[in-house]
Amino acid sequence: MSGHVPGPPPHRRVSLADTTIGTEEIAAVSAVLSGGWLSAGPVTRAFEREFAAALGVPDAVAVNSGTAALHLALLALDIGPGDEVIMPALTFVASAAMTVAVGATPVFADIRSPHDLTIDPADVARRITDRTRAVIAMHYGGHPADLAGLATLAAQHDLALIEDAAHAPVVRQRGVGGDPVSLGALGDVGCFSFQASKNVTCGEGGMVVARDPDLLTRCRALRSHCMTTNSWHRDRGLASDYDVTGLGFNYRPTDLAAAIGRVQLGRLPADRAVRTALVATYRRRLAEVPDLVLPFADRDDADSAHHLFAIVLPPGVDRPAFRAALADAGVQTSVHYPPTHRLPYYRERWAADVTLPVTDAVADRLVSLPLHARMSDDDAAYVADTVLDSLKRVRS
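Everything quoted here is computed from the prediction, not taken from an experiment. (Residues numbered from 1 in each chain as written. Predicted model: local features only at pLDDT ≥ 70, side-chain atom pairs only at ≥ 80, totals over all residues. Heavy atoms only, no water.)

1. Comments concerning the overall build of the protein
Secondary structure summary: the protein contains 13 helices and 13 strands in total. Taking 2.2 N^0.38 as the reference for a compact globule, 396 residues should give roughly 21 Å; the C-alpha atoms of the protein span a radius of gyration of 22 Å, in line with that estimate. Viewed in the frame of its principal axes, the protein has a C-alpha envelope of about 75 × 55 × 45 Å. Here the protein holds 396 residues, and 55% of them are scored as buried. Long-range pairs, those at least 24 residues apart, make up 73% of the contacts in the protein with a sequence separation of at least 6. Roughly 16700 Å² of accessible area belongs to the protein as shown, and the carbon and sulfur atoms make up 53% of that amount. Taken together, the 37 basic and 45 acidic charged side chains of the protein have centroids lying 3 Å from each other. (Helix = DSSP H or I, 4+ residues; strand = E, 2+ residues; numbered from the N terminus. Rg over C-alpha atoms; globule rule 2.2 N^0.38 Å. Buried < 20%, exposed > 50% of the residue type's maximum accessible area, 1.4 Å probe, protein only. Contact = heavy atoms within 4.5 Å. Areas by Shrake-Rupley, 256 points an atom, 1.4 Å probe, with all protein chains shown as cover. Lys, Arg positive; Asp, Glu negative; His and termini not counted. Charge placed at Lys NZ, Arg CZ, Asp CG, Glu CD.)

2. Looking at the sheet that holds strand 11 (residues 206-210)
As summarised here, the arrangement of the seven strands in space is 1-11-10-7-6-2-3, forming an open sheet in which the pairing is mixed. Bordering the open sheet on either side are strand 1 (61-63) and strand 3 (105-109), each of which pairs with just one other strand. For this sheet the average axis-to-axis angle between neighbouring strands, irrespective of direction, equals 25°. Strand direction decides the pairing type here: strand 7 (residues 160-164) and strand 10 (residues 189-193), joined by three bridges, are parallel. Paired with I162 across the two strands is V189, which belongs to strand 10. Packed on one face of the sheet, helix 2 (residues 42-55) meets strand 1, strand 10 and strand 11 and runs near 55° to strand 11. Across the face of the sheet, helix 6 (residues 147-157) comes into contact with strand 6 (132-138) and strand 7 while running at roughly 150° to strand 7. (Pairing = 2+ DSSP bridges. Axes fitted to C-alpha atoms, helices over the stretch in contact; angles between N-to-C directions.)

3. A word on the pairing of strand 3
Among the five residues of strand 3, four are classified as buried, and the element is accordingly described as predominantly covered. Here five bridges tie strand 2 (residues 84-88) to strand 3, and the two strands are oriented parallel to one another. What sits directly across from E84, in strand 3, is T105. Note that the unit made of strand 2, helix 4 (residues 94-101) and strand 3 has a crossover that is right-handed. (Right-handed = clockwise from strand over helix to strand, strands pointing away.)

4. Regarding the nonpolar core
V124, V135, F192, F194 and M207 are the most contacted members of the largest nonpolar core, which has 45 residues in total. Breaking this core down by element, the ones donating at least two residues are helix 1 (23-35), helix 2, strand 3, strand 6, helix 6, strand 11 and helix 9 (255-286). Ranked by residues supplied to this core, first place goes to helix 9 with six residues. Setting aside its immediate chain neighbours within four residues, V135 contacts I86, I119, V124, L150, L159, A160, L161 and I162. (Core = buried A, V, L, I, M, F, W, Y, C linked by side-chain atoms within 4.5 Å.)

5. Let's talk about the environment of V209
Assignment of secondary structure puts V209 in strand 11. Residue V209 is classed as buried on the basis of its relative accessible area, which comes to 2%. In this structure the C-alpha to C-alpha distance between V209 and S34, which are 175 residues apart in sequence, comes to 30 Å. Contacts of V209, omitting those with residues within four sequence positions, involve L55, V57, D59, A60, G184, D188, V189, G190, F192 and L216.

6. Focus: the packing of helix 2 against helix 9
Contact geometry for helix 2 and helix 9: axes closest at 8 Å, N-to-C directions at 30°. Between helix 2 and helix 9, the angle is such that the two are roughly parallel. The handedness of the crossing between helix 2 and helix 9 comes out as left-handed. The residues of helix 9 that touch helix 2, namely those facing P42, V43, T44, A46, F47, E50, F51 and A54, are D255, A258, A259, G261, R262 and L265. In terms of residue class, the contact of helix 2 with helix 9 is built from nine nonpolar, two polar and three charged. (Parallel < 35°, antiparallel > 145°, perpendicular 65-115°, else oblique. Left-handed = near helix turned anticlockwise from the far one by under 90°. Nonpolar A, V, L, I, M, F, W, Y, C, P; charged D, E, K, R; others polar.)

7. Structural notes on helix 7 (residues 213-223)
Those residues of helix 7 not exposed but buried are L215, L216, C219, L222 and R223. Down the axis of helix 7, the buried side of the element spans an arc of 120°, and every buried residue falls inside it. Exposed positions of helix 7 whose direction lies more than 90 degrees from the buried face are P213, D214 and T217. Tucked into the core, helix 7 has its buried residues touching helix 2, strand 1, helix 3 (66-76), strand 10 and strand 11. Where helix 7 begins, the capping side chain belongs to D212, and its oxygen is found 2.9 Å from the backbone nitrogen of D214. (Arc of directions from axis to C-beta. Polar contact = N/O pair within 3.5 Å; in protein donor to acceptor, adjacent residues only side chain to side chain.)

8. Digging into the environment of G41
Counting through the fold element by element, G41 comes out in the loop between helix 1 and helix 2. You can call G41 buried: its relative accessible area is 11%. Sequence separation between G41 and L256 is 215 residues, and the spatial gap between their C-alpha atoms is 9.8 Å.

Below is the structure:
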């Protein structure tokens, strides 16, 4: 912040995010190294099957990033030039980037409210045209978007529903028949990320699931240049040659990453329990702050990955000053996200006349507080107390 003079080094530090990588992951990677096969192979296939089983779906396709997962979803759905894809502006830029990459037009929609930072089906409905082909629903911070409302719109207008579940691995929501269904498995295609800060991490990585097995088969082909055989099979003498049936990409993960992911997937229930308890501490200690919004606080009984803990600052609070005060106390923060319709590349080409009143009202007030499974309850209490103290300081 301009003019800010940092205080003395803090006596304590609480990082925004951290991994639970440990000896089990190290052993799993060592086993892959000892086996001599590093690219996508049997360990990747095992990770796909285990992830699919955790979600309760027949199969999954591992890729090397969540961005690649989104790209393959759009390609598998034959979305391209002349098409429009509606998505929230309050999300990571990858959704818009991959839409542009396939030649389609990103159309930005508003969020529901400061208390619910997911895409608003009513605003989606207002933006549907005869060119609209798909809607991307992002489960912000691991909290489910209104999939029932979005699915109704998609059915009415013959649209594909893509779930960006990068924040929400193995989160259950009631499906059409009333039985629990995992996020990512309710739409036509579900996309996951295993980037370093995610609840399940491989360092980098992603996964695709699809309701239609043919879509998943297409994603698997597109992941590896649409080659009819893979290098693992050729190396093992199960195939001697290959053909190429279309334009594809190298979005393969590695068995090294998959080995980490398999262990991380096993850690997920315990890690989520820690995150849930930390969120409860935050909400309890910050609940009475005037005009401070705690998004999704009314969802205490709902399943969530609790990937992020975002707050919406009271109107008029200087966000840079507030974040600087927390940094001085050793508390790392971030902003999730700069809305895509405000980023110069997208604003100038596709969003010059876009009005998103709710997104714009909260965008400059959002702050993400530390949340990860290596934190203690005492850490969360310290962060919350620092938030209270910092608000007093920047308001005085």
